[in-house]
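Geometric and topological summary
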Amino acid sequence: MSFLAPLAALIGLLAVPIVLLYMLRLRRREIQVSSTMLWQMLLRDQEANAPWQRLRRNLLLLLQLLILAALALALMRPYSEVPILTSGRIALLIDASASMNAIDVNPSRFEAAKARALEIVGGIRPEDSVAVVRVASGPEMLENYTNDQTRLRDAVNRMQPSTTPADWDAALTLAAAGAQGAEKFTIIILGDGGLPTRLDLTTYGDVRFIPIGTSGQNTAIIALATSTDPFKGAQLYAQFANYGDQPTEVIFSLNLDGTLFKAEPYTLAPNSTQDVIVTDLPSDFSQVEAVLTRPTGAAVQDYLPSDDKAWAVFSSRRAGRAVILTQGNPFLEQGFASFPDWQVFQGEPTQGLPAEAYELYVFDNWMPAVLPDANLLFVNPPEGIYPIFTVGQLTTETTLKGVRPDDPRTLYLKFNDVNVREFHQISGVAWADMLVEAEGGPLVLAGEYEGRRVAIITFDLYESDLPLKIAYPILLANLTAWYESPRTIRVEDGLHPDQTLFIQPLANADQMRIIRPDGTSQTLSVDNPPLIYADTDLSGIYTVESLLRGTVIQSEAFAVNLFDPTESFIKPQTPATGTGDIAAAGGGEIGQQEYWGWIAAAALAILILEWTIHHRRQQAPRLRSGASKSFARGR
């Protein structure tokens, strides 16, 4: 053992005054006497209290000398030489991806990686410098290059694992930037080796790898989705996999809105997947939770529980109900039948408006006496003056002038090859936008009138070849999407952890509130839509609420799932680093293992013991005095 500060041993000279204080101090005690005849005995005691005394055995003196010796030894910074992995400037990259939550090592791979990182930090030399980088969906430098072991240990200890994949491209690029100006630079990766195979680690310099983990046994849900079949109703598709090398028994359970719906056992072969399709689902549920569990007494372990659950959101009616009031126009009937999100019904104009309410009314060559309070689509409205527009005479000036650009209602719409023989001229439509315009006026209009969305096709479909062109289904698709109830989010397939969500607030909403799976929430202002929400690190169901003066006016939900085979495949791997495994490459250098911290802790423990003994000795005479007085009063 050697010392970095041997001159600190001079502090041990303080032992001399400590000993002198014990030899010079007078030791008098208060004694109660019953007669003045005993004063002679006290005088003899005073004669014994000479300034200089023979040093006697004293426990407190011994403890104080031990404290002084421990402090002097700690200040001398004793160390021993130990083999180290590397020296110079070191970028310490710790894998914090989802797979590092595996528990094949105790307590987890991530905690094992942190323990190994602390060993590396404890072995650096004073001239070395280390940076600590947490690698998850984005690299996070928790401590920049320093040789302060206290700061480095604190950075490692406060690190937490994530539930996301790791972005190794960004992490290695960030680490490699530290090579500038360094004579010797090394990147050390602590993880289970789940790096992309396309990465050429040799381009980043001296990269070394320390493997963490022992087993690849894991089962995971890797897909979950819901849909609506026009004939079979609600359906669910799921896929789960066994990434281990042993056959595994699992129980696949489905919970609908928190209630168990189905649980079935399956046996998965090694490195295999299982597809499940469920068709007997009810039509009135909104959330699905799928869970993989092991039967009681299962011999094969599942070392990554976090990918054994998945979530999905289901909506049986994503658009609404529409009624077509026409005298047998197959183009409209077949056109709307191609949109499974809409429930389409047929009506008879001669019988007037149906008593039942609908979200969309389609009027073909007919106009009711009273317009319903709902979204409207007029096709070839007859001549007349109506509450919201006026239909004039027919015109044959059908030469196309243009299609409104940059409008979602005209997305991908081409009218160049559409031929229209004649159409009605429309007036009183200042509230509408011209989507398709001809020389004689608008062919297609759309806009909002008193809270209703209204579109007008000013010509008879039979007087054109539009139903025979690709423009017809595109126009209907754009209009029906526009007619749907306004939605703030569109993530039918869900998101991956840490994926960004775009929110388009409702026109009458003043705030948006996002409720996370753990129950915490965040409220966003709608001053500058669209809004961007990126706090999606947790897997589960998120709820997006539209608020108006604190009242919820609309609520939507979306799911966040891992669904990443590279993270669920937890078998430890050794990436090609170009320099080989760290265990083979790092034994030729010598570092210093210091012990001053342990010695300082021992000094503190001795100090506490010394204070405790001294305190008890101070209390002992008072206790005896109190006991004597009690005895005297008793007599």
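In this report, the structure presented in the accompanying data block is examined. On a predicted model such as this, the values are computed, not experimentally measured, just so you know. (Residues numbered from 1 in each chain as written. Predicted model: local features only at pLDDT ≥ 70, side-chain atom pairs only at ≥ 80, totals over all residues. Heavy atoms only, no water.)

Overview of the overall build of the protein chain
Put simply, the rule reads: Numbered from the N terminus, helices here are DSSP runs of H or I no shorter than four residues, and strands are runs of E no shorter than two. Should any heavy atoms of two residues lie within 4.5 Å, those residues are counted as being in contact. Only the protein chains shown count as covering a residue, and every accessible area follows the Shrake-Rupley method with a 1.4 Å probe.
Helix and strand counts for the protein chain come out as eleven helices and 32 strands. Taking the intrachain contacts of the protein chain between residues at least 6 apart in sequence as the baseline, contacts between residues at least 24 apart amount to 68%. Element-wise, carbon and sulfur atoms account for 53% of the exposed surface of the protein chain, whose accessible area totals about 33,500 Å².

Observations concerning the pairing of strand β25 (residues 452–457)
Selection criterion: Three exposure classes are used, based on accessible area relative to the maximum for each residue type with a 1.4 Å probe and protein chains only: buried under 20%, partly exposed in between, and exposed over 50%. When DSSP finds at least two bridges between two strands, those strands are taken to pair.
Counting buried residues along β25, five of its six residues qualify, which places the element largely inside the surrounding structure. For strand β24 (residues 441–449) and β25, the ladder comprises six bridges, and the chain directions are antiparallel. Across the sheet, residue Glu448 finds its bridge partner in β25, namely Arg453. Linking two consecutive strands that pair antiparallel, namely β24 and β25, is a turn of two residues; a positive phi of about 50 degrees is found at Glu450 within it.

Quick notes on the environment of Gly258
Among the structural elements, Gly258 can be located in the loop between β10 (248–256) and β11 (259–268). C-alpha separation for the pair Gly258 and Phe285, spaced 27 residues apart in sequence, amounts to 9.9 Å.

Remarks on the side chain of Thr480
Stated precisely, the cut-off is as follows: Throughout this description, a polar contact denotes any pair of N or O atoms lying within 3.5 Å of each other; where both atoms belong to protein, one of them has to be capable of donating a hydrogen while the other can accept it, and for residues adjacent in sequence the pair is counted only when both atoms sit in side chains.
You can see Thr480 is positioned in helix α8 (residues 471–483). For Thr480, a relative accessible area of 4% corresponds to the buried category. Polar side-chain contacts of Thr480 include one of 3.0 Å to the backbone oxygen of Ala477. Setting aside residues up to four positions removed in sequence, Thr480 forms contacts with Phe336, Phe339 and Trp342.

Quick look at the packing of aromatic side chains
Put simply, the test is: When two rings of Phe, Tyr or Trp (its six-membered ring) have centres within 6.5 Å they constitute a pair, described as stacked for plane angles under 30 degrees, edge-to-face for angles over 60, and tilted for the intermediate range.
Scanning the model with the defined rule gives 15 aromatic pairs in all. An angle of 55 degrees between the planes, with centres 5.4 Å apart, marks the rings of Phe331 and Tyr462 as tilted. Taken as a pair, Phe331 in helix α7 (residues 330–337) and Tyr462 in the loop between β25 and α8 lie far apart in primary sequence, 131 residues in all. Given the relative accessible area of 47%, Tyr462 is considered partly exposed. The interplanar angle of 10 degrees and the centroid separation of 5.1 Å between the aromatic rings of Tyr542 and Phe558 together place this pair among those described as stacked.

Some points on helix α6 (residues 168–176)
How we decide: Arc definition: it is the arc formed by the directions from the helix axis to the C-beta atoms.
Residues Trp168, Ala171, Leu172 and Ala175 constitute the buried set of α6. Each buried residue of α6 sits inside an arc of 90 degrees when the element is viewed along its axis, so together they form one side. As for α6, its buried residues are in contact with β3 (89–95), β4 (129–135), β5 (139–146) and β6 (185–191). At the N-terminal end of α6, a side-chain oxygen is found 3.4 Å from the backbone nitrogen of Asp169, two or three residues along, and the residue is Asp167.

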